[in-house]
Amino acid sequence: MGIFKDIKALITGMGITTKHLGRHAITLQYPEEKWTMPERSRGIVVLLSDKETGDLNCTGCLLCMKACPTAAIFVDAPRGEDKKRVLKAFVVDNTLCCFCGLCEEACNFSALKMAGMYELSTDDKSTLIWDMKKLQLMGKDVPYEDTRKKKPVKKPAVPAPTPSENIVNSKTKTDDEQTAPTETKSEDKTDSPKDDKE
Ligand code: SF4
Ligand code: SF4
């Protein structure tokens, strides 16, 4: 029985080899040719900006910082007078990052993504600590799906006109109505004699 199994495996293997014989080689001639990373690949952490305003989507909620197992993220976002967080600093130390993607999963505001980028090697470790500006710049052209629920813009409430304003408005309306036809009449009058003379 064992021998038949081996022969079957051999034939299967040979079949796969023959299938690839006539195909074009898939080896990339790096660095002349570069591979586009798949959409969901975990390359490097970048910050995402709003597609309309260009502002960072980050609300400074600190969830990514708390989720990071290697303490590679530092977020400084103290609360302002209105109790809202103000994002002052966002730093990612790429020398500590293990590319686990937990920060991206923790973020509820489409503010952070592991972009499919590579070729970031350097001999100066200090250049791998990215601040908010660098993170925003790196994430500028990174495509992403905006899952935030935007609140509709509230129109400022218009105060109801007072009774005195109502009277003024109605007066001005009637004045306009009275003056409008007389102006057109006078125009007609001035035009007509001239035309006659000509
Ligand atoms: S990918 Fe993982 S290790 Fe890297 S910053 Fe995000 S949570 Fe931290
Ligand atoms: S990137 Fe996301 S999770 Fe991290 S602080 Fe900003 S909004 Fe919060």
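Before any of the text, the structure's been laid out above.
Residues numbered from 1 in each chain as written. Chains lettered and ligands numbered in written order. Predicted model: local features only at pLDDT ≥ 70, side-chain atom pairs only at ≥ 80, totals over all residues.

## As for the nonpolar core
Filter applied, for reference: Each nonpolar core consists of buried Ala, Val, Leu, Ile, Met, Phe, Trp, Tyr and Cys residues. Their C-beta atoms, within 7 Å, join them into a set. Remark: C-beta atoms are placed from the backbone, and a residue is labelled buried if 20 or more other C-beta atoms sit within 10 Å of its own, exposed if 12 or fewer do, or partly exposed between those counts. Strands are runs of DSSP state E lasting at least two residues, helices are runs of H or I lasting at least four, and both sets are numbered from the N terminus onward. We call two residues in contact whenever the C-beta atoms placed from their backbones are within 7 Å.
By size, the foremost hydrophobic cluster in this structure holds 23 residues, and its most contacted members are Val45, Leu47, Cys64, Ile73, Cys103, Ala111 and Leu112. Among the secondary structure elements, those contributing two or more residues to this core are β1 (44-47), α2 (63-67), β2 (73-76), β3 (89-93) and β4 (112-115). Residue contributions to this core peak at four residues, all from β1. With residues near it in sequence (within four places) discarded, Leu47 still touches Leu56, Cys58, Phe90, Ala111, Leu112, Met132, Leu135, Gln136 and Gly139.

## Some points on the site of ligand 1
Stated precisely, the cut-off is as follows: Nearness rests on one distance test: the residue's C-beta atom, set from the backbone, must lie within 6 Å of the molecule or strand. Three categories are distinguished: nonpolar for Ala, Val, Leu, Ile, Met, Phe, Trp, Tyr, Cys and Pro, charged for Asp, Glu, Lys and Arg, and polar for the others, with Gly belonging to the last.
Around ligand 1, a shell composed of 15 residues is seen, among which Cys68, Ala72, Cys97, Cys100 and Cys103 lie nearest. Grouping the constituent residues of the shell around ligand 1 by class yields 13 nonpolar, two polar and no charged.

## Quick notes on the environment of Pro78
Within the fold, Pro78 resides in the loop between β2 and β3. Ignoring sequence-local partners within four residues, the contact set of Pro78 consists of Val86 and Lys88.

## Quick notes on the site of ligand 2
Around ligand 2, the structure places 13 residues, and the nearest of them are Cys58, Cys61, Leu63, Cys64 and Cys107. Split into classes, the residues belonging to the shell around ligand 2 amount to eleven nonpolar, two polar and no charged.

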